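# Secondary and tertiary structure notes
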Amino acid sequence: MKQPIYLDYAATTPADPAVVKAMMECLGAEGHFGNPASRSHRFGWQAEELVDIARNQVADLIGADPREIIWTSGATESDNLAIKGIAEANGKGHIITSAFEHKAVLDCCVYLENKGFQVTYLKPSANGFISAQQVESAIQNDTILITIMMVNNELGSIQPIAEIGEVASKNNILFHVDAAQAAGKIPIDLNTLKVDFMSFSAHKIYAPKGMGVLYARINQQPNITAQIHGGGHERGLRSGTLATHQIVGMGLAFEIARKELQANDQHVFECKQLFMQGVCDIKGISVNAGIEGHKTTEKMVAGIINLQFEGVDSEMLIMAFKDLAISSGSACTSASVEPSYVLKTLGLSDLASHSSLRFSFGRFTTMDEVKTAIEVVKNGYQRLKELSVN
Ligand SMILES: *Cc1c(COP(=O)(O)O)cnc(C)c1O
């Protein structure tokens, strides 16, 4: 059976072939399978060296010191470690976040509310942005943490992290950023950003699932409490034997992303431009978020676009577009039939949210695939519209 065209890079990416190869070399008896924590023999030393290289590769993409890179099992764990770790270190207090964060952040906040913490969920603007002023006005005397994502995973809107960082720092409040959808798509420089903690995922950047990083600014590391204990790995912040193959894969993916950031962004931008030209003139199709006075703002990543198809349900659309692998909302919540909570925070009705789909492009998307996708969308939507009139 023919595979559909993959347009769901925001849900996950395939590992880069170079990443797959490097990982394989860490698994078998012929490879670097040693425990990086084994100090008494060469197998351990070799693995430790590979982990060090990867730590530098990750640090280099984001302007960090390698000592600030804490390996985790994914951005979900990184979010949990930062948010619950800060909350636990404080014991009580107020947290500021946004209503359209990833569930990994929102569910931590709900958990902490049940433990007695107070949380403010800022509402994004209709075009998909949180402002630094909004954050500033929500600050209370007992605010201990601000956590705002860098790029929204359903919309692609880029949040003003530099400005929010200034607000956080001026008010002496810790600032955590979920950057799972930002790494490799837009430049990140933690030398200039006033961010204390930042979460990353390997599988959104052409490395495997089950791997992530929490960036923890060196002088703020005493301000979080570990959530996984046993052995004191990762400066005591995250115990567990380091997964050399996963780490090597993530490190290489970050290095490739650093070298190819501009070329990759250009390619993905061209894919999106072509796609937009092809579908946006079709009556009934409109873009959710990122639009100011009918013009697309620049504050969007190239690879993600969220479209609304007037008068047609997204379940029907997904069936009509069965030659495309796309999603309504994020993969994490698409098991439910509830309309996307992210779109609802923008003020979209249930009906409008239910008629929306996310298309996301990536490194391996080809122009031919985009052209086919345009035809599928045009024809499929036209057919559904005709059916719904009859
Ligand atoms: C994918 C994603 C996550 C979860 O990352 P995992 O590595 O799958 O745990 C968290 N936040 C955002 C914004 C994401 O896109």
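So, how was this worked out
Residues numbered from 1 in each chain as written. Predicted model: local features only at pLDDT ≥ 70, side-chain atom pairs only at ≥ 80, totals over all residues. Heavy atoms only, no water. Buried < 20%, exposed > 50% of the residue type's maximum accessible area, 1.4 Å probe, protein only. Helix = DSSP H or I, 4+ residues; strand = E, 2+ residues; numbered from the N terminus. Pairing = 2+ DSSP bridges. Right-handed = clockwise from strand over helix to strand, strands pointing away. Near = heavy atom within 4 Å. Polar contact = N/O pair within 3.5 Å; in protein donor to acceptor, adjacent residues only side chain to side chain. Areas by Shrake-Rupley, 256 points an atom, 1.4 Å probe, with all protein chains shown as cover. Nonpolar A, V, L, I, M, F, W, Y, C, P; charged D, E, K, R; others polar. Domains from an automatic or database assignment. Contact = heavy atoms within 4.5 Å. Buried area = accessible area lost by both parts, 1.4 Å probe. Salt bridge = Lys/Arg side-chain N within 4 Å of Asp/Glu carboxyl O.

### As for the pairing of strand β5 (residues 143–147)
With respect to burial, β5 is a largely interior element, five of its five residues being buried. Two strands pair when backbone bridges link them, and strand β3 (residues 94–98) and β5 are joined in this way by three bridges, in the parallel orientation. Each residue of the ladder has a partner; that of H94, found in β5, is T143. Sheet topology places β5 next to strand β6 (residues 174–178); three bridges connect them, and they run parallel. Looking across to β6, one finds that I146 is bridged to F175. Considered for its hand, the β-α-β crossover made up of β5, helix α6 (residues 161–170) and β6 is right-handed.

### Section: the site of the ligand
Around the ligand lies a shell formed by G74, A75, T76, H102, M149, N153, D178, A180, Q181, S201, H203 and K204. Q181 is positioned such that a nitrogen or oxygen atom in its side chain is 2.8 Å from an oxygen atom of the ligand. Protein chains bury 89% of the 380 Å² of accessible surface belonging to the ligand in isolation. In terms of residue class, the shell around the ligand is built from three nonpolar, seven polar and two charged.

### Here's the deal with the domain arrangement of the protein chain
Here the domain parsing of the protein chain yields domain 1 (5–12 + 260–389) and domain 2 (17–255). Each of domain 1 and domain 2 was reduced to a C-alpha centroid, and the two centroids are 28 Å apart. Listed per partner, the contact involves 32 residues of domain 1 and 31 residues of domain 2. The contact between domain 1 and domain 2 buries some 2,700 Å² in all, and 58% of this surface belongs to carbon and sulfur atoms. If you sort the residues of domain 1 by the area they bury against domain 2, L261, V301 and Y341 come out on top, with a joint share of 21%. On the surface where domain 1 and domain 2 come into contact, there are zero salt bridges.

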